[in-house]
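# Structural features, examined
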Amino acid sequence: SKEELVEIGLEVGADVPFFLSGFKSATVSGIGEIIKEFKEEEIEVKTFTPKDIKCSTAEVYRTFRKNYANLMEKNADFAKKLEKLKSKEILQNYNPLELNDLYPAALKLCPELYEYKSDYSFFSGSGSSFFKLKEN
C-alpha cells in the first residue's frame, strides 16, 4: 500500500515520501511523513550541484542540532506563515538563509559553499545542491 511505501521510504530519507505521493507540490512536515497537497502554478527552477563539495547529511543534522536547534520554535512559526504562500512568492520575497534551517549548518561545515550562494541562492535539503527560479 502507499502507506507501507511511505514507511519504507522514511527509512531511506525524509524526502522520499513526498516523491512517492505523486503530488507536484505539497506542504511536508514531521520527518517527511505528513504530506498535504498544495495546488499552485508550476514553477521552473535551475539546479546546480558542485561536484567538489560533499555535505554529509548526518553531519549537517548534527551541526544543526548542536548550533541551531534553539531556532526551531521561531522557525516553526515562520513555517506556518509560509504554508499559505505560493512557492514563487516565497522564493521572490524571502532570504535563502531563512528558508532552509539546514543551510547555516551546511555553511558552517562546508564554508566553500559560500562560493556558490550568489548564483544559485537557494539551498536544497542538507546539500550540497542549489537552485534558483529559471528566468523566462
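This brings us to the confidence of the model for the protein. When pLDDT is averaged along the protein, the result is 85, and 96% of the positions lie at 70 or above. Least confident of the elements in the protein is helix α4 (residues 72-82), whose mean pLDDT is 78; most confident is helix α7 (residues 103-109), at 92.

Let's shift gears to the packing of aromatic side chains. The geometry of two aromatic rings is summed up by the distance between their centres and the angle between their planes. Under the defined criterion, the tally for this structure stands at six aromatic pairs. Relative to Tyr-94, the ring of Phe-78 has its centre 5.4 Å away and its plane inclined at 70°; by these criteria the two rings are edge-to-face. Of this pair, Phe-78 sits in helix α4 while Tyr-94 is found in the loop between α5 (87-93) and α6 (96-99), placing the two residues 16 residues apart along the sequence. Following the ring pairs from residue to residue traces out a cluster consisting of Tyr-103, Phe-123 and Phe-130.

Another aspect to go through is the pattern of salt bridges. For the structure shown, the criterion picks out four salt bridges. Residue Lys-24 is joined to Glu-42 by a salt bridge in which the shortest nitrogen-to-oxygen separation is 3.0 Å. Within this pair, whereas Lys-24 is found in the loop between α2 (16-21) and β1 (26-29), its partner Glu-42 is found in the loop between β2 (34-37) and β3 (45-48), the two being separated by 18 residues in sequence. For the residue pair Lys-24 and Glu-42, the accessibility class agrees, reading exposed in each case. A salt bridge links Lys-134 to Glu-44, with the shortest nitrogen-to-oxygen separation between them at 3.5 Å.

Definitions and cut-offs
- Residues numbered from 1 in each chain as written.
- Predicted model: local features only at pLDDT ≥ 70, side-chain atom pairs only at ≥ 80, totals over all residues.
- Heavy atoms only, no water.
- pLDDT = per-residue confidence, 0-100.
- Helix = DSSP H or I, 4+ residues; strand = E, 2+ residues; numbered from the N terminus.
- Phe/Tyr/Trp six-rings, centres within 6.5 Å; stacked < 30°, edge-to-face > 60°.
- Salt bridge = Lys/Arg side-chain N within 4 Å of Asp/Glu carboxyl O.
- Buried < 20%, exposed > 50% of the residue type's maximum accessible area, 1.4 Å probe, protein only.

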